[in-house]
Amino acid sequence: MSAFAHPATVGITIFMAALLAITPMVFEVLQRRGRLTPVLRQELYARYFSWLVLVPIMVVPILLGRLWTISAFGLLSLFAYREFARATGFFRHRLLSAAVVLGLLCLIAAIADHWYGFFSALPSLFVSLLVIVAVVEDQPKGYLQRVALAIFGFALFGVCLGHIAYFANDANYRPMLLLILLCVELNDVFAFCCGKFFGRRKLAPHTSPGKTWGGALGAFVLTTALFAALGHSVFAGTLLAAPIHLVTMGALLSFTGQLGDLVISSMKRDLGIKDMGATIPGHGGLLDRFDSLLFVGPALFHYVNYFVGVGS
Amino acid sequence: MSEWEYKPAGDAGLRPADQWRSLQREGGLPTAIAHGAWCALTGGYLKMFHRFRIEGRERLPPKPPFVVVANHSSHLDALALAVGLPPRFRSHAFPIAAGDTFFETKATAAFAAIFLNALPMWRKKCGSHAMETLRERLIGGDTIYLLFPEGTRSRDGAMADFRAGIGMLVAGTNVPVVPAHLDGCFAAMPPQARLPRPSPISLRFGVPKIFSGASNDRAGWREVAAALEKDVHALGDAA
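Note that the structure is predicted; figures quoted are calculated from it, not measured.

Criteria and thresholds
- Residues numbered from 1 in each chain as written.
- Chains lettered and ligands numbered in written order.
- Predicted model: local features only at pLDDT ≥ 70, side-chain atom pairs only at ≥ 80, totals over all residues.
- Heavy atoms only, no water.
- 1 Å grid on protein atoms, 1.4 Å probe; cavity = no way out; pocket = protein on both sides within 12 Å on 5 of 7 lines; lining within 4 Å.
- Points joined across faces, edges and corners; volume = space filled by probe spheres on them.
- Helix = DSSP H or I, 4+ residues; strand = E, 2+ residues; numbered from the N terminus.
- Nonpolar A, V, L, I, M, F, W, Y, C, P; charged D, E, K, R; others polar.
- Contact = heavy atoms within 4.5 Å.
- Buried area = accessible area lost by both parts, 1.4 Å probe.
- Salt bridge = Lys/Arg side-chain N within 4 Å of Asp/Glu carboxyl O.
- Polar contact = N/O pair within 3.5 Å; in protein donor to acceptor, adjacent residues only side chain to side chain.
- Phe/Tyr/Trp six-rings, centres within 6.5 Å; stacked < 30°, edge-to-face > 60°.
- Buried < 20%, exposed > 50% of the residue type's maximum accessible area, 1.4 Å probe, protein only.
- Expected span 1.5 Å × (residues − 1).
- Pairing = 2+ DSSP bridges.
- Axes fitted to C-alpha atoms, helices over the stretch in contact; angles between N-to-C directions.

Participant: What should I look at first to understand the layout of surface pockets in this one?
Facilitator: Rolling a probe over the atoms, with the probe sized like a water molecule, indicates the empty space that remains. Residue and element names in this part refer to chain A. Roughly 1400 Å³ of volume is contained in the second largest pocket. With 5 residues, the top contributor of residues to the lining of the second largest pocket is helix α6 (residues 143–166). Along the lines of polarity and charge, the residues of the lining of the second largest pocket split into 13 nonpolar, 20 polar and 12 charged.

Participant: When you look at the interface of chain A and chain B in this model, what are you seeing that I'm missing?
Facilitator: The extent of an interface is frequently quoted as the accessible surface area lost upon association of the parts. Facing 19 residues of chain A, the contacting portion of chain B comprises 19 residues. Summing both sides of the interface, chain A and chain B together bury roughly 1600 Å²; the carbon and sulfur share of this comes to 53%. Its largest share of buried area at the contact with chain B, chain A owes to A:R86, A:R94 and A:Q145, together 37% of the area lost on that side. Scanning the region where chain A abuts chain B turns up 2 salt bridges. In this assembly, chain A and chain B are joined by 10 residue pairs in polar contact (both at pLDDT 80 or more). Broken down by secondary-structure element, the contributors of at least two residues to the side of chain A that touches chain B are α3 (66–88), α4 (94–112), α6 and α9 (243–271) of chain A. Taken together, the residues of the side of chain A that touches chain B break down into 10 nonpolar, 4 polar and 5 charged.

Participant: How do you make sense of empty space enclosed by the protein when you look at a structure like this?
Facilitator: Residues and elements named next belong to chain A. All told, the structure shown has 2 cavities of 30 Å³ or more when counted by the stated rule. Roughly 50 Å³ of internal volume is contained in the largest cavity. Residue lining of the largest cavity: I70, F73, G74, S77, L107, I108, I111, G158, L161, G162 and A165, and that is the complete set. Those elements that place two or more of their residues in the lining of the largest cavity are α3, α4 and α6. Of the residues belonging to the lining of the largest cavity, the class tally is 7 nonpolar, 4 polar and no charged. Roughly 30 Å³ of volume is contained in the second largest cavity. Residue composition of the lining of the second largest cavity, grouped by class: 8 nonpolar, no polar and no charged.

Participant: Please clarify how the packing of aromatic side chains should be interpreted in this entry.
Facilitator: The geometry of an aromatic ring pair is captured by two quantities: the separation of the ring centres and the angle between the planes. Residue and element names in this part refer to chain A. Counted according to the given criterion, the structure contains 24 aromatic pairs over all chains. Between F119 and Y166, the aromatic rings sit 5.1 Å apart at their centres with planes inclined by 45 degrees, giving tilted as the arrangement. A residue pair is termed long-range when its members are at least 10 positions apart, and F119 in helix α5 (residues 116–136) and Y166 in helix α6 qualify at 47 residues. Of the residues examined, F119 reaches a relative accessible area of 2% and is grouped as buried.

Participant: Looking at this structure, how should I read the side chain of A:Q258?
Facilitator: Within the element layout of this structure, A:Q258 appears in helix α9. With residues up to four places along the chain from it excluded, the contact list for A:Q258 reads A:N187, A:A216, A:A219 and A:F220.

Participant: Before we go on, may I ask you to explain α5(A) in this structure?
Facilitator: Three or four residues apart is the spacing at which side chains of an α-helix point the same way, because the helix has 3.6 residues per turn. All names here are of chain A. Between its terminal C-alpha atoms α5 stretches 31 Å, which fits the 30 Å expected from 21 residues at 1.5 Å a residue. Taken together, the buried positions of α5 are occupied by F119, L122, F126, L130, V133 and A134. Buried residues along α5 sit in contact with α4 and α6. Directly after α5, the chain includes D138, whose backbone phi takes a positive value near 55 degrees.

Participant: Explanation requested: helix α11 (residues 293–307) of chain A in the structure shown.
Facilitator: Residue and element names in this part refer to chain A. Relative to the 21 Å expected for 15 residues at 1.5 Å per residue, α11 spans 21 Å between its end C-alpha atoms, a close match to the ideal helical length. Residues L293, L294, V296, G297, P298, L300, F301, Y303 and V304 constitute the buried set of α11. Directly beyond the C-terminal end of α11, a positive phi value near 85 degrees is found at G309.

Participant: Whenever I open this one, the pattern of salt bridges confuses me. Can you help?
Facilitator: Think of it this way: side chains of opposite charge can pair up when their charged atoms draw near. By the definition in use, this model includes 13 salt bridges over all chains. Here A:D275 makes a salt bridge to A:K274, at a shortest N to O gap of 3.7 Å. Given the relative accessible area of 28%, A:D275 is considered partly exposed. Under the relative-accessibility criterion, A:K274 is labelled exposed at 66%. Between B:K209 and B:D231 there is a salt bridge; the shortest N-O distance is 2.8 Å. Taken as a pair, B:K209 in strand β8 (residues 209–210) and B:D231 in helix α9 (residues 218–238) lie far apart in primary sequence, 22 residues in all. For B:K209, a relative accessible area of 30% corresponds to the partly exposed category. The network of salt bridges with common partners includes A:E185, A:D188 and A:R289.

Participant: Help me understand the pairing of strand β3 (residues 93–98) of chain B in this model?
Facilitator: Here is the key point about a regular strand: its side chains alternate between the two faces of the sheet. All names here are of chain B. A large share of β3 lies buried, amounting to 6 of its 6 residues. In this structure, β3 lies alongside strand β5 (residues 144–147), joined through 3 bridges in parallel fashion. Note that in β5 the partner of F94 across the bridge is Y145.

Participant: I keep staring at the packing of helix α2 (residues 38–64) of chain A against α3(A) and nothing clicks. Help me out?
Facilitator: Residue and element names in this part refer to chain A. Relative to each other, α2 and α3 sit at 145 degrees, their axes nearing to 5 Å. Residues P61, I62 and L64 of α2 form the contact with α3, whose own contacting residues are W68, T69 and A72. Grouping the amino acids of the contact of α2 with α3 by side-chain chemistry returns 5 nonpolar, 1 polar and no charged.

Pasting the structure below:
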């Protein structure tokens, strides 16, 4: 099947390219109107240049094919876990960390094999395995912390991100994944912009001081509208093309996307670090950029799977 | 309920190129696999082409931290010293390598960090800050340093005087220092050679010493260096 067989794939790809093309012009207009401080301008350009690299890295595997897509999300899952393990210090428990990595690899293999039975069996199997492997060190001190971190890492970066990758087994995966990625990332941009322009009340000042109710609600409305508008073409001919489903999915995406951001912020505050890594200039680590994807995967996957089935 | 304690990786938050050159670098699973594979490869090579023999492994301390110091006359020295340690110590062992040789470019720094597990020592711009970082890491963790206190490879095979740097790391601490003598590396691959010759190499570990009584100043550092130099000489003479 050709990469651009679905008209929505063409439309969303062009939309992404156009967004990247006009963004610097928007910055310059804002600059001329005196709405940007030098620091904000520098920050925005740093993020923009990162997007110039990140967007092709995200989009090209999806256009190339199913296995490319699964491999790309598999790598994201492994690198996200790596950042988590190094930030918490969990990586020093070599055997347990290796068991988590094995769990992530099994999930990737189950997705690549389109074996949903194995994919859904792995969480219970690996939770059991991690609980048992943690005993091998024969160090009761810190046992609960080790096990909790292992299961947390496996669940978030394996199971949750794995649900996004599982979409690749659907015949309609290209437009669906492109739509999800576009909306998740724009959800962040909308929250940032709405927060800058009319955010007053802090959303969670101890967890993420920069986030405001204005930003969150603005992003919620705009992302839901965008998802519903673009989703109409992506889900055309299915039950999910109905406005009620499109609005529900858009709202779910925006809500879970912002929660993912808050969860990683909470983790960073607890650890006392600013960024999860330094992989992406202007964004910090991979987890700082892709945190919003974490819960969008399970939420949308099970919604779509319940009503029309994914890959059936 | 007591609070959980987190200790992020010493090099967390640094970009890869800075991580490779960081004295606080801590390898994860991928580097442990790469380093293990490299040790298996070089171990096989040393056994096959140089009939590599190891003596006195039983004298090594039961667990890190400790320092191994040896004579230096060839690029094969660091390989032999790393392979000479029991496998359980390998991921803890950091050869201290010349920054201007092994860490100058990104490619060599990546190789030295990932495969050799080396830490850089910049010979021309090594400040006391770097030595202090290495000393703190040694005292506070489960680290093993593999060190050549002569500072450079001998050009004629004869051992040069030990520099005081080793003293800066261990004077006044309870960290054991293991003297070791490498024999045959100069004949197999002297500094002037581009490729090694298949001649025998052996490594002998001596009795560990602790310098808790040495003062952490110039006199103490020199005292540590002189004592270890004498021990390494004695191991060489006994071979």
